[in-house]
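# Observations on the three-dimensional arrangement
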Amino acid sequence: MAWNGLVDRYRDRLPVGDAPAVTLLEGNTPLIEAPRLATALGLGEDGLDVRVLLKYEGLNPTGSFKDRGMCVAMTVAVARGATAVICASTGNTSAAAAAYAARAGLRAFVIVPEGNIALGKLSQAVIHGATVLAVDGNFDDAYRVVSGVAELRDVTVVNSINPDRLQGQKTAAFEICEVLDAAPDYHFLPVGNAGNISAYWMGYREYNEAGFSAGLPRMMGFQAAGAAPIVEGHPVADPSTLASAIRIGNPVSWKKAEAARDESGGVIEAVTDDEILEAYSLLASSEGVFAEPASAASVAGLRKLAQEGRIDEKTTVVCTLTGHGLKDPDNAIAVCPAPLRVSADVDKALVAMGL
Ligand code: F0G
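If you're wondering where the values come from, they're calculated on a predicted model, not measured in any experiment. (Residues numbered from 1 in each chain as written. Predicted model: local features only at pLDDT ≥ 70, side-chain atom pairs only at ≥ 80, totals over all residues. Heavy atoms only, no water.)

### Some thoughts on the site of the ligand
Stated formally: Whether a residue is near a molecule or strand depends on its heavy atoms: it is near if one of them lies within 4 Å of it. In the analysis that follows, any N or O atom pair within 3.5 Å is treated as a polar contact, provided that within protein one partner can donate a hydrogen and the other can accept it, and provided that, for residues neighboring in sequence, both atoms belong to side chains. The accessible surface values rely on the Shrake-Rupley method and a 1.4 Å probe; as for residues, cover is taken only from the protein chains in view. In this analysis the probe radius is 1.4 Å and the grid spacing 1 Å, with only protein atoms considered; a cavity is a set of points the probe fits into but cannot get out of, a pocket is an open set with protein on both sides within 12 Å along at least five of seven lines, and lining residues have an atom within 4 Å of a point. Those molecules having more than half of their atoms within 2 Å of a cavity or pocket grid point set are described as sitting in that cavity or pocket. Strands are runs of DSSP state E lasting at least 2 residues, helices are runs of H or I lasting at least 4, and numbering of each runs from the N terminus. Each residue receives one of three labels: charged for Asp, Glu, Lys and Arg, nonpolar for Ala, Val, Leu, Ile, Met, Phe, Trp, Tyr, Cys and Pro, and polar for the others, Gly being one of them.
As a structural note, the neighbourhood of the ligand is formed by 20 residues, with Thr93, Gly192, Asn193, Ala194 and Thr322 the closest of them. Within the side chain of Thr322, an N or O atom sits 2.6 Å from a nitrogen atom of the ligand. The fraction of the free accessible surface of the ligand (470 Å²) that becomes covered by protein chains is 99%. With respect to the pocket detection grid, the ligand is positioned in the largest cavity. Put simply, the parts of the chain that give the shell around the ligand at least two residues each are helix H4 (92-104) and helix H9 (195-209). Classifying every residue of the shell around the ligand gives 7 nonpolar, 11 polar and 2 charged.

### Here we look at the state of the cysteines
Our working rule: Cysteine sulfur atoms that come within 2.5 Å of each other are treated as a disulfide pair.
Taken as a whole, this structure holds 0 disulfides when the rule is applied. No disulfide involves Cys87; its sulfur sits 16 Å from the nearest other cysteine sulfur, which is in Cys71. For Cys336, which is in no disulfide, the shortest distance to another cysteine sulfur is to Cys319 and amounts to 20 Å.

### Overview of the packing of helix H12 (residues 273-287) against helix H13 (residues 293-307)
How we decide: Every axis corresponds to a line fitted to the C-alpha atoms, with the helix fit spanning only the stretch in contact, and the corresponding angles, defined between N-to-C directions, vary from 0 to 180 degrees. When describing relative orientation, an angle under 35 degrees is termed roughly parallel and one over 145 degrees roughly antiparallel, while 65 to 115 degrees is termed roughly perpendicular and anything else oblique. Note on contacts: a residue pair is in contact if any heavy atoms of the two residues lie within 4.5 Å.
It is at 7 Å that the axes of H12 and H13 come closest, and there the two elements cross at 95 degrees. Taken together, the axes of H12 and H13 lie roughly perpendicular to each other. Along its contact with H12, which presents Glu275, Ile276, Glu278, Ala279, Tyr280, Leu282 and Leu283, the element H13 presents Pro293, Ala296, Ala297, Val299, Ala300, Arg303 and Lys304.

### Points about the sheet that holds strand S10 (residues 316-321)
One key point about sheets: their strands pair by backbone hydrogen bonds, in either a parallel or an antiparallel sense. Rule in force here: For two strands to be treated as a pair, DSSP must find at least two bridges joining them.
In spatial order, the strands read S1-S2-S10-S7-S8-S9; together these 6 strands make up an open sheet with mixed pairing. Of all the strands in the sheet, the pair left with one neighbour each is strand S1 (31-33) and strand S9 (267-271). Geometrically, the sheet is characterised by an average inter-axis angle of 25 degrees between neighbouring strands, direction not taken into account. By the bridge criterion, 3 bridges tie S1 to strand S2 (residues 51-56) in an arrangement that is antiparallel. Looking at the pairing, Leu31 lines up with Lys55 of S2. Strand contacts of helix H8 (residues 171-180): S1, S2, strand S7 (186-190) and S10, with the helix running at about 140 degrees to S2, the strand carrying the most contacts. Against the sheet, helix H11 (residues 254-264) engages strand S8 (218-224) and S9, with an angle of about 115 degrees to S9.

### Overview of empty space enclosed by the protein
In plain terms, the rule: Grid points are joined across faces, edges and corners, and a volume is the space filled by probe spheres set on the points.
As enumerated under the stated definition, the model contains 1 cavity of 30 Å³ or more in all. Approximately 330 Å³ is the volume found for the largest cavity. Around the largest cavity, the lining is made up of 25 residues, and of these Phe65, Lys66, Gly192, Asn193 and Ala245 lie nearest the centre. Split into classes, the residues belonging to the lining of the largest cavity amount to 10 nonpolar, 12 polar and 3 charged.

Structure representation (structure tokens):
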């Protein structure tokens, strides 16, 4: 059956009425078995017999999970007669907002922290025709500007404060339940502005209450150690992490994320940049799946809990990989050895290859 995007598939569970969909055919992303990763973490068949799967959201149209939320937010905005949208972003939201605004024929304004968003994401925002403002400050400063502008002018905010965004993002949980025929036991994901963990929890609960899926997962959120306000219990004035997508000191959906954690019996903890980078390389080299550093926070969290003996045997674990690795290739180049330089000669190549 052809896939026609989220609104077509889940219209009766989304706040869109009969509005025409603004869609780039987002969603329906693969849930990839990760047996090598499981083995590397001591969780595989020889270990605790834990099944590890990757929800690869980097395969959405603009390369991140934001497309799910933007599809619904933009569909609703157009139906209400909006002419312009605005968001603050560490990169992916701006890429998705710019693309879906172009699709819908709306103006897009995006406000980003200057010098702190990956080049791939910036390239998306500009090529899709958004007006991009780079502010001297971090995401939280950019978000304050967005709120201020939205108070004064008729622009629709498409950050995750907009409930339509979370409605769209909850559909990833539906898809997982459909593939597994039940909810997983654990769901690991990175936490930045804290919308996505809240959206997944909403999706899992909704499918469970509708009788479509058995069980509920423990929601396992991971912040970067230098940008871990929820873990520390207070806003972080100057968040820092190389995982620029989750460099956020005062998340908008803080309370919702805590509720998801507490209601599900999960955790929100921190992983260091070194742990994120190790997981980033391990994921790409063990499974052939390239996700951006912030996404690897989910795998880093799983690795940490596996090492601490905190994953129950014979369970199912899903890690969301929120954004594609190609968004931010600089980090891959930085953590890997440079290509071996050889002259174009078979014998020299064999030596270099150790064959
Ligand atoms: N992973 C990636 C790749 C992201 O871009 C983000 C958030 C997150 C994880 C965290 O998700 O905010 O729902 O907790 N990026 C936002 C942006 C902030 O502006 O693109 P969250």
